[in-house]
Amino acid sequence: MPQVKVIRLKDSGYPDVPAMLAQMENWTSEQKFMNQFWRMNNLYKIVDKEMQVVTFQMKPEQADLYVAHLKHPRHVICKSRQLGFSTLIQLLFLDYAIFNSNENVFIIAQDKDAASHIMETKIKFAYERLPAEIKEERKVIRTNANEFMFNNNSKITVTVSARSATATRIHSSEMAKSYIKDPEKTHEFWTGTLPSLIPGGTCFIESTAEGAVGDFYEAYNNKAADMPQDPNTFQRHFYSWWHSPEFTSQEEPAGGIDSDSQKYFTELKEKYGITLRPDQKNWYVAMSRILGFKMKQEYPTVAAEAFEQTTESQVWGRPLSIMEANHRVKYTPYVSNHPAFVAFDIGHSDLAACWCLQYIDDEPRVFGYMEIRKGDIAWFLEKFSLRGWHFRFLALPHDANNSSFRDKDSSLASQLEGWGYNVVVLPKTENKIRDVYDTGKFLCECRFNNDPESGVPDGLKRLANYRRKKAPDGGYLTEPLHDSGGNCDCADAFRYAHDAFQLFKGELYEQDMDDYIDRQEFKNTSKSPTGY
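Worth saying up front: this structure is predicted, and the values here are computed from it rather than measured.

Caption draft 1: Molecular detail of the environment of methionine 227. Within the secondary structure, methionine 227 sits in the loop between helix H10 (215–220) and strand S10 (235–239). Accessibility expressed as a relative area gives 64% for methionine 227, which makes it exposed. Spatially, the C-alpha atoms of methionine 227 and histidine 72 are 9.6 Å apart, while their sequence positions differ by 155 residues.

Caption draft 2: Up close: the packing of aromatic side chains. Taken as a whole, this structure holds 42 aromatic pairs when the rule is applied. Between phenylalanine 265 and tyrosine 284, the ring centres sit 5.8 Å apart and the planes meet at 75 degrees, which makes this aromatic pair edge-to-face. Within this pair, whereas phenylalanine 265 is found in helix H11 (residues 259–272), its partner tyrosine 284 is found in helix H12 (residues 278–291), the two being separated by 19 residues in sequence. Centroid distance phenylalanine 344 to phenylalanine 380: 5.4 Å. Interplanar angle 80 degrees. Geometry classified as edge-to-face. Here the residue phenylalanine 344 occupies a position in strand S12 (residues 340–345), and phenylalanine 380 occupies one in helix H16 (residues 377–387), the gap between them amounting to 36 residues. For phenylalanine 344, a relative accessible area of 0% corresponds to the buried category. Phenylalanine 380 gets classed as buried once you look at its relative accessible area, which sits at 0%. Clustering of aromatic rings is evident, with ring pairs tying together Trp316, Trp355, Tyr359, Tyr369, Phe442, Phe448, Tyr466, Phe494 and Phe501. The ring of phenylalanine 125 carries arginine 129 above its face, with NZ or CZ at 3.7 Å from the centroid.

Caption draft 3: The arrangement of the nonpolar core in detail. In terms of nonpolar packing, the biggest core is built from 63 residues, with Tyr44, Met58 and Ile156 touching the most fellow members. Ranked by residue count, the leading element in this core is helix H5 (residues 85–99), at ten residues. Sequence-distant contacts of isoleucine 156, defined by excluding residues within four places in its chain, comprise Phe93, Leu94, Ala97, Val105, Ile107, Met119, Ile123, Asn146, Glu147, Phe148 and Phe150. Core analysis: the second largest hydrophobic core is formed by 37 residues, Ala395, Cys490, Ala491 and Ala500 among them.

Caption draft 4: The sheet that holds strand S3 (residues 74–79), seen in detail. Pairing is mixed in the open sheet, where eight strands are placed in the order S5-S6-S7-S4-S8-S9-S3-S10. Looking along the sheet, the strands with just one partner apiece sit at the ends: strand S5 (140–143) and S10. On average, adjacent strands in this sheet sit at an angle of 15 degrees to one another, irrespective of strand direction. Direction of pairing for strand S4 (residues 104–108) relative to strand S7 (residues 155–159): parallel, over a ladder of five bridges. By the bridge assignment, phenylalanine 106 is partnered in S7 with threonine 157. Relative to the sheet, helix H4 (residues 60–69) contacts S3, strand S9 (197–207) and S10, its axis offset from that of S10 by approximately 170 degrees. Each of S3, S4, strand S6 (147–150), S7, strand S8 (167–173), S9 and S10 is contacted by H5, which is oriented at about 165 degrees to S8, the strand it contacts most.

Caption draft 5: Here's a closer look at the confidence of the model for the protein chain. Here the protein chain shows a mean pLDDT of 87. Residues at 70 or above account for 91%. Within the model, the stretch residues 512–532 combines pLDDT values under 50 with 44 contacts to residues more than four positions away or in other chains.

Caption draft 6: Geometry of the side chain of asparagine 104. Its location among the elements puts asparagine 104 in strand S4. The exposure class assigned to asparagine 104 is buried, which follows from its relative accessible area of 15%. A distance of 2.5 Å separates a polar atom in the side chain of asparagine 104 from the backbone oxygen of threonine 166.

Caption draft 7: Fine view of the pairing of S9. Here S9 lies mainly inside the structure; eight of its eleven residues are buried. Inspection of the sheet shows S3 paired to S9 by five bridges, in the parallel sense. Note on S9: the bridge partner recorded for arginine 74 is cysteine 203. Across six bridges, the pairing between S8 and S9 is parallel. Bridge pairing in S9 links serine 173 to glutamate 206.

Caption draft 8: Region of interest: the sheet that holds strand S15 (residues 393–396). Read across the open sheet, the seven strands follow the order S11-S17-S14-S13-S12-S15-S16; overall the sheet is mixed. Two strands in the sheet have a free side with no partner beyond their single neighbour: strand S11 (329–330) and strand S16 (423–425). By the bridge criterion, three bridges tie S12 to S15 in an arrangement that is parallel. The partner of phenylalanine 341 across the bridge, within S15, is phenylalanine 393. Of the strands in this sheet, strand S13 (351–360), strand S14 (363–373) and strand S17 (447–449) are in contact with helix H18 (residues 432–445), which crosses S14 at around 115 degrees.

Caption draft 9: Unusual backbone geometry, seen in detail. Phi at methionine 51 takes a positive value of approximately 65 degrees, unusual for a residue other than glycine. Judged by its relative accessible area of 63%, methionine 51 falls in the exposed class. Unlike most non-glycine residues, aspartate 361 shows phi in positive territory, near 55 degrees. With respect to the helices and strands, the residue aspartate 361 is situated in the loop between S13 and S14.

Calculation rules
Residues numbered from 1 in each chain as written. Predicted model: local features only at pLDDT ≥ 70, side-chain atom pairs only at ≥ 80, totals over all residues. Heavy atoms only, no water. Helix = DSSP H or I, 4+ residues; strand = E, 2+ residues; numbered from the N terminus. Buried < 20%, exposed > 50% of the residue type's maximum accessible area, 1.4 Å probe, protein only. Phe/Tyr/Trp six-rings, centres within 6.5 Å; stacked < 30°, edge-to-face > 60°. Lys NZ or Arg CZ within 6 Å of the ring centre and 35° of its normal. Core = buried A, V, L, I, M, F, W, Y, C linked by side-chain atoms within 4.5 Å. Contact = heavy atoms within 4.5 Å. Pairing = 2+ DSSP bridges. Axes fitted to C-alpha atoms, helices over the stretch in contact; angles between N-to-C directions. pLDDT = per-residue confidence, 0-100. Polar contact = N/O pair within 3.5 Å; in protein donor to acceptor, adjacent residues only side chain to side chain.

Take a look at the structure:
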């Protein structure tokens, strides 16, 4: 069979679809029909943006992903909106199911409504408008709201969650948005759905970004994702809006292009070498006035923009910005002759975290941060011992007085006291929203250690990813989002650090601690499980 040579456009580097199809003009009908690239650009019907039924033909960006999937099986795609990658992948999987026997295809949608929409408007719609001779040869033998099965034993399942004995191809659509709604479902993709994929099976994860948090963010930012050699590693792709001719406008926005936008366009040119045409600038400014702070998330010009956190979505976005503007992140070591304390959020089933603070020169100093998933507090105590960090007291959340996971007959607090530690069990927060607000003000006052070995920079990243719940209208609620990624656990530990500081600030003034350490710290070490 003849082969199609990939011809690429000079400006974007994406495949030139018309030029590639032109190579097939003299092919026989059978040769064309046996070629998947020809079928993808000639057989399938879709509804376009003008609500017209048209024959699908790949855009250059879509063709780039198509060519890439022929060379590597797994792909993670960060993209601007409305570039049609979901449509491409769903039609591609339909083609595989029709022209190959025993395909078991899964499309994972962000919710039930999206799953129903994909099945009705993409899979069934395209199949029902195929030439009659194809449908006669490849009949549907079972169909329902979630499943489409053919007489060659190939099946397409569209669902919000899937565990299967064997999957030949998987598409996860809008994973970042799914994570915001239900982190456990996206975790199930990695633990349940993906392991069912056959060796060498195709998998696409595509989404617009939702900040620097979650499974999609972590998959996209895998260090090995640019040119992966391992077929189990996802190859990274970014597709921006500015290569597409759809995102242009000949009409200048009302009032012209504002100074902030002009500054942004200049920065794109100087920093990234991207020079936008006037019609692209017109479109961008007009759309950004509609979307506001969501513009870079929905239509990123460069990949870094896609994962930028907006202060609107961050619980402590403004305090963090103020803290950074005031250069409050600097070298902040532990000072051995000054009192210190540590505040914990103990999560035996998820993330356990702690922040380590001192009060020196009338400022709270955060010198350490640690975390462990499904860990024991003894792990922290051993780390403190190895670093030579001594604490006047250990601050624990209110439930530390409940029965311990170690010993149902005693509490975590009593066990630590039995090991010789000075323990403070904080009172239960009566108004969490108020406490979160007060902690944000406290954050602005703190000085944070910039030493990577201290763990504090990693903790600050988690605080930046501590996000608000999303409102039905697309905005954000005041209430923080509880995510299973650990950001809320880190934030809770910092709230407890704030609460402990307010209660015991007077005891943390500078003083010589040598006598205190000799007299008080770490008595009864023989009872400690760490020997500390």
